[in-house]
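# Report on the structure
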Amino acid sequence: MTMTGAEIVIRCLQEEKVEYVFGYPGGSVLHIYDELFKQDKIKHILVRHEQAAVHAADGLARSTGKVGVAMVTSGPGATNAVTGIATAYMDSIPLVVISGQVPTAYIGQDAFQECDTVGITRPCVKHNFLIKDVHDIAATIKKAFYIASTGRPGPVVVDIPKDITAARCAFEYPKTIQMRSYNPVIKGHLGQIRKAVQLLLDAKRPMIYTGGGVILSDAAEQLTKLTRRLGFPICNTLMGLGAYPGNDAQYLGMPGMHGTVEANLAMQHSDVLLAIGARFDDRVIGNPDHFSSLPRKIIHIDIDPSSISKRVRVDVPIVGNVPDVLDEMLKLLDAEQAKPNAAALAEWWKEIEGWRAKQCMKYKHKKNLIMPQYVIEKLYEVTGGNAIVTSDVGQHQMWAAQYYKFDKPRRWLNSGGLGTMGVGLPYAMGAAFANPGKQIACVTGEASIQMCIQELSTAKQFRLPIKIVNLNNRYLGMVRQWQEMFYGSRYSESYMDSLPDFVKLAEAYGHVGIRVERPEDVEAALKKAFVEHKDDLVFIDFLTDQKANVFPMVAAGKGLSEMILAEDL
Amino acid sequence: MRHIISILLENEAGALSRVAGLFSARGYNIETLTVAPTEDLSLSRLTIVTSGTDEVIEQITKQLNKLVDVIKVVDLSEAAHIERELMLIKVRATGKDREEVKRLADIFRGRIIDVTESTYVIELTGSGSKLDSFIQAIDTGLILETVRTGVSGIGRGDRILKV
Ligand SMILES: Cc1cc2nc3c(=O)[nH]c(=O)nc-3n(C[C@H](O)[C@H](O)[C@H](O)COP(=O)(O)OP(=O)(O)OC[C@H]3O[C@@H](n4cnc5c(N)ncnc54)[C@H](O)[C@@H]3O)c2cc1C
Ligand SMILES: Cc1ncc(C[n+]2csc(CCOP(=O)(O)OP(=O)(O)O)c2C)c(N)n1
Ligand SMILES: [Mg+2]
């Protein structure tokens, strides 16, 4: 029995157990949409803009670890998807994006809604395919899911010309996949792991620095075990929040540009640094020369060899999958009954507690003004620390990261690598579909939210009970902060006039809107949203202090020990 | 430092542009690039001459290995190897220059493969630097056209790059 290419596409997605496809139809994917219509295993979520389709698929992936799937038409559908794809790529998120293409015979003729999707997306995908034969569909989609979800995850684009979705052939979904050119390493090199363990045991000022790789590989449990076993201090990058309990005493907070004093100084002054699934980003280590100016041995566990020794020279590279390598380390520690250097460690903790005593995250309340940090603290209390929190990009993102203490992985969804304004609401949508019954908060700013505001319509259609926490400072706050600090307070184009009335806007879409202007109303508004309107989308517009800035801060090009603190100003 | 990097990759549409795109996107330089299918038509062999510090070359090899279409990568210049490039060069050959050019071609073991009343086409193979020397040796005023294939290379003895 033969099937059309379109039917095969849908069958493949069913074989991959895909529950949700986020997408938007158009000419070149009409055959596929017709097949979608004829089945009920896969639910299609019609978004209002293709960028949001990819972000929503990405949000689903981040909150579950599953591969997110989006579908778009050729030309403008595909180009609208590019920001979403690049965002997922920078944060190593597994996605399969299916795009329609003009019929094979028209390719290269500037046909209606033609664009070189494979060419445009090449630099921002893990891999991409243009299918030229209906017989190749099943194997290609199998490969796409395999590549997206294994090794260092990432988005894979599958571009399918319209005629291929009409052509027919027999369908058989491959059970396994073997690629001679793609074989990610899983197990770490035992000799290297042994060396690493010895270094850790001999360390006098050890520090553990972990990132997105721990979340992506679901290794929070092993990480917690290892960290407690060693008694070392630990920090999680912006992408790694929740990998280690944010409320634990060994946890020093986030490192980097807006990291804590104790995390940054412990990174800087450590004599052995254990980096796990983190890539020494410029927002984390600041100036690499400054960082390398102190002697320190670095152990780096990463599944992608190119992440190792890219920005900082590493002494003990371990290529492998985080949970596998950590299991191996724990085994070695148990076998040797070995203990770290207790006296040195006690000394080191004393120093760290000195830094911690600075309480760098303290902020001043101002009379009659809502401090953004306070909103996040209250959000944490009202949700019991159990919400999935998404954010957009800007100051509000940093405050959410700093003041919501994530105790579990996959609860914090944000765009770290590309820093894409507009992800917050679609991420919350993806998370809401994949985690029914969970509290979902989208922390955003009045500028970011407007970049995908149209999705309030999608959220209404599917009754998604998202709580939008808008920290409305009437400024492109993060831009304003840089202008205040480094451009003589010349606020060039960072003030946004004529903002919409967000309460009315929310209501226009059929949602609940609340405006909060006084600090004493913050908690009640949050409770109203999360309790009284548990099942509704609530847009809470908090008018916050316009002058609040994010601290501590390591200015661009500076070293980790050169932080600017709130109290310095 | 100059490096010769050999790559085995899937002989598939777009594979070459992934490699070339990687170099431009990450700011690595390409001096020459050659590519052709091997005896196994599903495989292409690509040779890139590039330069950079040890750290840059390490990143180049890692990034190349990360491309899904790339099967193997070897830095040929790390050990004993042979490099060859082919050049066709068309020169003005009139009067006393005719003899002079022929003599020079002989010294470099070039072959004259096309002759007209006023021109020669000389075929020359060798390392990139040998071809450079030939161009330097000949009076630039005489050169009408040059075309070079770019370097291809192979390891000596037991060094074999195969799937
Ligand atoms: C406004 C703004 C401010 C920011 N400020 C900060 C800041 O102060 N502090 C901060 O930390 N970040 C900050 N960032 C984020 C920053 O830009 C980077 O995105 C982030 O630091 C990178 O996190 P990561 O090192 O954990 O790497 P990720 O991007 O999460 O990369 C994950 C790493 O893990 C590896 N990996 C993946 N899977 C596995 C596996 N199975 N096994 C082993 N390894 C694996 C990958 O190869 C990769 O190297 C900021 C971003 C924005 C937008
Ligand atoms: C798509 C996009 N354009 C521009 C930027 C640069 N940028 C980073 S933060 C920011 C301001 C965000 O303003 P808002 O959403 O109100 O957040 P706030 O900083 O005020 O909390 C801008 C413009 C970006 N990150 N993404
Ligand atoms: Mg703002």
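The structure reproduced in this document is the subject of the present report. These figures come from a predicted structure and were not determined experimentally. (Residues numbered from 1 in each chain as written. Chains lettered and ligands numbered in written order. Predicted model: local features only at pLDDT ≥ 70, side-chain atom pairs only at ≥ 80, totals over all residues. Heavy atoms only, no water.)

### With respect to the overall build of chain A
Secondary structure assignment for chain A yields 22 helices and 19 strands. A globule of 569 residues ought to have a C-alpha radius of gyration of about 25 Å, and chain A, at 24 Å, matches this closely. For the C-alpha atoms alone, the extent of chain A along its principal axes is close to 75 × 60 × 40 Å. By sequence separation, contacts in chain A at least 24 residues apart represent 77% of the contacts at least 6 residues apart. For chain A, the computed accessible surface area is about 22100 Å², with 52% contributed by carbon and sulfur atoms. Of the side chains in chain A, 62 bear a positive and 61 a negative charge, and the two mean positions are spaced by 3 Å. (Helix = DSSP H or I, 4+ residues; strand = E, 2+ residues; numbered from the N terminus. Rg over C-alpha atoms; globule rule 2.2 N^0.38 Å. Contact = heavy atoms within 4.5 Å. Areas by Shrake-Rupley, 256 points an atom, 1.4 Å probe, with all protein chains shown as cover. Lys, Arg positive; Asp, Glu negative; His and termini not counted. Charge placed at Lys NZ, Arg CZ, Asp CG, Glu CD.)

### Observations regarding the site of ligand 2
All names here are of chain A. Residues in contact with ligand 2 amount to 17 residues; listed here are only the nearest, Gln395, His396, Gly419, Ser448 and Gly477. At a separation of 3.4 Å, a nitrogen atom of ligand 2 approaches a polar backbone atom of Met421. One nitrogen or oxygen atom from the main chain of Ala447 is found 3.2 Å from an oxygen atom belonging to ligand 2. Summarising the interface, the protein chains cover 76% of the accessible area of ligand 2, which totals 590 Å² for the free molecule. Counting only elements with at least two residues in the shell around ligand 2, the list comes to helix H17 (395-403) and helix H20 (477-486). In terms of residue count, the dominant contributor to the shell around ligand 2 is H20 (3 residues). Considering only residue class, the shell around ligand 2 consists of 8 nonpolar, 8 polar and 1 charged. (Near = heavy atom within 4 Å. Polar contact = N/O pair within 3.5 Å; in protein donor to acceptor, adjacent residues only side chain to side chain. Nonpolar A, V, L, I, M, F, W, Y, C, P; charged D, E, K, R; others polar.)

### Some thoughts on the side chain of Ser217 of chain A
Residue and element names in this part refer to chain A. The topology assignment puts Ser217 in the loop between helix H9 (212-216) and helix H10 (220-230). With relative accessibility at 18%, the residue Ser217 sits in the buried group. Excluding its chain neighbours within four sequence positions, the residues that come into contact with Ser217 are Asn321, Val322 and Pro323. (Buried < 20%, exposed > 50% of the residue type's maximum accessible area, 1.4 Å probe, protein only.)

### Focus: the pattern of salt bridges
Taken as a whole and judged by the stated rule, the model has 39 salt bridges over all chains. Glu100 of chain B serves as the salt-bridge partner of Arg103 of chain B, at 3.1 Å between the closest nitrogen and oxygen. With Arg103 of chain B and Glu100 of chain B both in helix H3 (residues 96-107) and 3 residues apart, the pair spans about one turn of that helix. Its relative accessible area of 47% is what places Arg103 of chain B among the partly exposed residues. Taking relative accessible area as the criterion, Glu100 of chain B reaches 40% and is therefore assigned partly exposed. Each of Lys378, Glu381, Glu523 and Lys527 of chain A takes part in one network of salt bridges that share partners. (Salt bridge = Lys/Arg side-chain N within 4 Å of Asp/Glu carboxyl O.)

### Concerning the packing of helix H1 (residues 5-15) of chain A against helix H6 (residues 137-149) of chain A
Residues and elements named next belong to chain A. Orientation of H1 relative to H6, taken along the N-to-C sense of each, is 30°, at an axis distance of 9 Å. Along this stretch, H1 crosses H6, giving a crossing that reads as right-handed. Residues Gly5, Ile8, Val9, Cys12 and Leu13 of H1 touch H6, and the partners they reach there are Ile137, Ala138, Ile141 and Phe145. When grouped by side-chain class, the residues that make up the contact of H1 with H6 number 8 nonpolar, 1 polar and no charged. (Axes fitted to C-alpha atoms, helices over the stretch in contact; angles between N-to-C directions. Left-handed = near helix turned anticlockwise from the far one by under 90°.)

### Section: the coordination of the magnesium ion (ligand 3)
All names here are of chain A. Coordination of the magnesium ion (ligand 3) by the protein comes from Glu446 (OE), Glu446 (OE), Asn473 (OD1) and Tyr475 (O), over a distance range of 2.1 to 2.5 Å. If you look at the magnesium ion (ligand 3), its 6 donor atoms make angles of 52 to 176° with each other, and the shape they trace is irregular. In primary-sequence terms, the residues that donate to the magnesium ion (ligand 3) follow E-x26-N-x1-Y. In this pair, Glu446 sits in the loop between strand S16 (440-445) and helix H19 (455-461) while Asn473 sits in the loop between strand S17 (466-472) and H20, placing the two residues 27 residues apart along the sequence. (Donors = N, O, S within 2.8 Å, 3.2 Å for Na, K, Ca; no water. Tetrahedral: all angles 85-135°; square planar, octahedral: opposite > 155°, others 65-115°.)

### Observations regarding the interface of chain A and chain B
At the junction of the two partners, chain A supplies 19 residues and chain B supplies 20 residues. Contact between chain A and chain B buries roughly 1500 Å² in total, counting both sides, with carbon and sulfur atoms accounting for 45%. Contact with chain B buries surface across chain A, with Arg122, Arg180 and Ser181 of chain A losing the most and accounting together for 40% of the total. For the pair chain A and chain B, the interface holds 3 salt bridges. For the salt bridge of Glu58 of chain B with Arg313 of chain A, the shortest nitrogen-to-oxygen distance reads 3.4 Å. Across the contact surface, chain A and chain B share 12 residue pairs in polar contact (both at pLDDT 80 or more). Residues belonging to the side of chain A that touches chain B are distributed by class as follows: 6 nonpolar, 5 polar and 8 charged. (Buried area = accessible area lost by both parts, 1.4 Å probe.)

### With respect to the packing of aromatic side chains
All names here are of chain A. For the coordinates displayed, the defined rule picks out 20 aromatic pairs over all chains. Look at Tyr209 and Phe280: their rings are 5.1 Å apart centre to centre, the planes differ by 75°, and that puts the pair in the edge-to-face class. Linking Tyr209 in strand S9 (residues 206-210) with Phe280 in the loop between strand S11 (272-276) and helix H12 (282-285), this pair joins segments that are 71 residues apart in sequence. Taken as a pair, Tyr209 and Phe280 share a single burial class, namely buried. With a centroid separation of 5.4 Å and 65° between ring planes, the pair formed by Tyr475 and Tyr495 is classed as edge-to-face. With a gap of 20 residues between them, Tyr475 in the loop between S17 and H20 and Tyr495 in the loop between H20 and helix H21 (502-508) connect regions that are remote in the sequence. (Phe/Tyr/Trp six-rings, centres within 6.5 Å; stacked < 30°, edge-to-face > 60°.)

### Quick notes on the sheet that holds strand S4 (residues 70-75) of chain B
As a general point, the strands of a sheet are linked pairwise by backbone hydrogen bonds and lie either parallel or antiparallel. Residues and elements named next belong to chain B. Pairing in this open sheet of 4 strands is antiparallel, and the strands run S2-S3-S1-S4 from one edge to the other. The outermost strands of the open sheet, each flanked by one partner alone, are strand S2 (32-37) and S4. Going from strand to strand, the sheet's axes swing by 15° on average, the running direction of each strand aside. Here strand S1 (residues 2-10) runs beside S4; their pairing, made up of 5 bridges, is antiparallel. Across the sheet, residue Ile7 finds its bridge partner in S4, namely Val73. Against the sheet, helix H2 (residues 54-66) contacts S1, strand S3 (43-51) and S4, and its axis sits at roughly 160° relative to S4. (Pairing = 2+ DSSP bridges.)

### Quick word on helix H1 (residues 15-25) of chain B
Three or more residues of H1 of chain B are buried, namely Ala15, Arg18, Val19, Leu22 and Phe23 of chain B. All buried residues of H1 of chain B lie within an arc of 130° about the axis, which places them on one face of the element. In H1 of chain B, the exposed positions angled more than 90 degrees off the buried face are occupied by Ser24 and Ala25 of chain B. Those residues of H1 of chain B that are buried are in contact with strand S6 (127-130) of chain A together with S1, S3, H2 and S4 of chain B. Once H1 of chain B finishes, Gly27 of chain B follows within two positions and takes phi at roughly 75°, a positive value. (Arc of directions from axis to C-beta.)

### Some points on the sheet that holds strand S12 (residues 297-302) of chain A
Residue and element names in this part refer to chain A. The 5 strands lie next to each other as S10-S9-S11-S12-S13, forming an open sheet whose pairing is parallel. Here the strands that pair on one side only, and so sit at the sheet edges, are strand S10 (234-236) and strand S13 (316-319). With direction set aside, neighbouring strand axes in the sheet form an average angle of 15°. Contacts from helix H11 (residues 261-269) reach S9, S10 and S11 within the one sheet, and its direction differs from that of S9 by about 115°. Along the sheet, helix H14 (residues 322-336) makes contact with S11, S12 and S13, crossing S12 at roughly 130°.

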